[in-house]
Amino acid sequence: MVLALWVGLSVVIVVLLGLFVFGLRRRLIQRSGGTFDCSLRWDVSEEPDSLGKGWVYGVARYSGDRVDWFRVFSYAPRPRRGLERSAIEVIARRMPEGEEELALLSDSVVLGCLHRGTRLELAMSEDALTGFLAWLEAAPPGQRVNVA
């Protein structure tokens, strides 16, 4: 009986500690500012997938001439992906289709991009999209930026 109580208490403590670290990580990512909710689908085909598969919810953070993308449901302190401003080419903009609407945050807009030859899609709110496109177009003189 006492052993079961200790095991149960240990499990509760471990779960609470995990949730605390999870929340602390998100707070540290957002501490420096310049963050926005952004789902990512990496290495997608030419045809849009209306089934909503492959989307990963995350937080993106502006960091100089790059956007660092962090998975929300992760304990990793480093970004999962880094997108350099000079290497991003916007090729399409669309609204979520089919079951994709369920996989993304409400009112998301999907931005199709090429980054160093890899096709990816970013889904973000209209406000975040406006800021992202402004950030892309604000590249220093001499850098090539393609915004469709």
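Residues numbered from 1 in each chain as written. Predicted model: local features only at pLDDT ≥ 70, side-chain atom pairs only at ≥ 80, totals over all residues. Heavy atoms only, no water.

In the nomenclature of an unreviewed UniProt entry, the protein is known as DUF2550 domain-containing protein of Streptomyces sindenensis.

**Examining the sheet that holds strand 3 (residues 58–63)**
Across the sheet, which stays open at both edges, the 4 strands sit in the order 1-3-4-5 with antiparallel pairing between neighbours. Each end of this open sheet is capped by a strand with a single partner; those strands are strand 1 (35–37) and strand 5 (81–84). Neighbour-to-neighbour, the strand axes of this sheet turn through a mean angle of 25°, independent of strand direction. Strand direction decides the pairing type here: strand 1 and strand 3, joined by 3 bridges, are antiparallel. Bridging from a neighbouring strand, Phe36 pairs with Ala60 of strand 3. With respect to the sheet, helix 3 (residues 126–137) is in contact with strand 1, strand 3, strand 4 (66–71) and strand 5, its orientation differing from that of strand 3 by roughly 35°. (Pairing = 2+ DSSP bridges. Helix = DSSP H or I, 4+ residues; strand = E, 2+ residues; numbered from the N terminus. Axes fitted to C-alpha atoms, helices over the stretch in contact; angles between N-to-C directions. Contact = heavy atoms within 4.5 Å.)

**Notes on the sheet that holds strand 6 (residues 88–94)**
Strand order across the open sheet formed by 4 strands is 2-8-7-6, with antiparallel pairing between neighbours. Pairing within the sheet leaves two strands with one partner each, and these edge strands are strand 2 (39–42) and strand 6. In this sheet, neighbouring strand axes are inclined to one another by 25° on average, regardless of whether the strands run parallel or antiparallel. Sheet topology note: the strand 2/strand 8 (residues 118–125) ladder contains 4 bridges and is antiparallel. Note that in strand 8 the partner of Arg41 across the bridge is Glu121. Taken strand by strand, helix 3 contacts strand 6, strand 7 (108–115) and strand 8, and its axis lies near 130° from that of strand 8.

**Regarding the nonpolar core**
Nonpolar side chains in soluble globular proteins tend to be buried together. Core analysis: the largest hydrophobic core is formed by 21 residues, its most contacted members being Leu122, Met124 and Phe132. Those elements that provide at least two residues to this core are strand 4, strand 6, strand 7, strand 8 and helix 3. With 6 residues, the single largest contributor to this core is helix 3. (Core = buried A, V, L, I, M, F, W, Y, C linked by side-chain atoms within 4.5 Å. Buried < 20%, exposed > 50% of the residue type's maximum accessible area, 1.4 Å probe, protein only.)

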